[in-house]
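Coordinate analysis (summary)
Listed here are the chains, written in short residue letters.
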Amino acid sequence: MNILILNGPNLNLLGKREPDIYGAQTLQDLMTDCSAYAEQLNHSVTHFQSNAEHEIVNAIHDAMNTIDFIVINPGAFTHTSIALRDALLGVNIPFIEIHISNVHARETFRQHSYLSDIASGVIVGCGTHGYKLAIESAAQQFNHQQKNG
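The rules behind each value
Residues numbered from 1 in each chain as written. Predicted model: local features only at pLDDT ≥ 70, side-chain atom pairs only at ≥ 80, totals over all residues. Heavy atoms only, no water. Helix = DSSP H or I, 4+ residues; strand = E, 2+ residues; numbered from the N terminus. Buried < 20%, exposed > 50% of the residue type's maximum accessible area, 1.4 Å probe, protein only. Polar contact = N/O pair within 3.5 Å; in protein donor to acceptor, adjacent residues only side chain to side chain. Contact = heavy atoms within 4.5 Å. Core = buried A, V, L, I, M, F, W, Y, C linked by side-chain atoms within 4.5 Å. Axes fitted to C-alpha atoms, helices over the stretch in contact; angles between N-to-C directions. Parallel < 35°, antiparallel > 145°, perpendicular 65-115°, else oblique. Left-handed = near helix turned anticlockwise from the far one by under 90°. Nonpolar A, V, L, I, M, F, W, Y, C, P; charged D, E, K, R; others polar. Pairing = 2+ DSSP bridges. Right-handed = clockwise from strand over helix to strand, strands pointing away.

With respect to the helices, strands and loops of the structure, T78 is situated in the loop between strand 3 (69-73) and helix 4 (82-91). Judged by its relative accessible area of 1%, T78 falls in the buried class. A distance of 2.6 Å separates a polar side-chain atom of T78 from the backbone oxygen of G75. With sequence-adjacent residues up to four places away left out, T78 is seen in contact with E97, H99, H112, S113 and Y114.

Structure below.
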């Protein structure tokens, strides 16, 4: 299975930005760990980060016919981007929405997502470990779908 991990705005600042909320691990270190974990499960990971909404939309479009599952941390676009929602619906690739912090315990505006209701799963508040949980869940969902057609 080919998994695409998408990271939205400001996630390039992992390890520097509010480490008490987001931890000390850099995005590159996190993606290296995710790739190694996926390999242990006999899956491959491609990753992409952008602070620009249109670049993430393009990455979603480019995933069609090559990617089996998407793990997306849309960052602040979670609460604002109908374009990401439409792109994910358009490519019809199952995806898991992930957030490092517990968005439900933060500001009210962070508690609404344009993606959660169309996601096959949502992981929040597990820190960067949530990425491994998302990869594992994607693998289980993919294997279940393969068995049951």
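That was the structure; now back to the text.
On to the nonpolar core, then. Formed by 25 residues in total, the largest nonpolar core has its most connected members in I3, I5, Y131 and I135. Elements supplying a minimum of two residues to this core: strand 1 (2-7), helix 2 (27-40), strand 3, strand 4 (95-99) and helix 5 (129-148). Excluding residues that lie within four positions of it along the chain, I5 makes contacts with M31, C34, V45, T46, H47, F48, V71, Y131 and I135. Membership of the second largest hydrophobic core comes to 19 residues, among which are I56, I67, F95 and A119.

It is worth spelling out the packing of helix 2 against helix 5 at this point. Two numbers describe a pair of packed helices, the interaxial angle and the distance between the axes. Taken N-terminus to C-terminus, the directions of helix 2 and helix 5 make an angle of 30 degrees; their axes are 10 Å apart at the nearest point. Comparing their axes, helix 5 and helix 2 come out roughly parallel. Handedness of the helix 2/helix 5 crossing: right-handed. Residues L30, M31, D33, C34, Y37 and A38 of helix 2 touch helix 5, and the partners they reach there are Y131, K132, I135 and E136. Looking at the contact of helix 2 with helix 5, its residues break down into 7 nonpolar, no polar and 3 charged.

Counting buried residues in strand 3 gives 5 out of 5 residues, a clear majority hidden from the surface. Burial along strand 3 is two-sided: the face carrying F69, V71 and N73 and the face carrying I70 and I72 are both buried. Summarising the sheet, strand 3 and strand 4 pair through 3 bridges and their orientation is parallel. In the sheet register, I70 faces strand 4, and the bridge partner there is F95. Taking the sense of rotation as the criterion, the β-α-β connection linking strand 3, helix 4 and strand 4 turns out right-handed.

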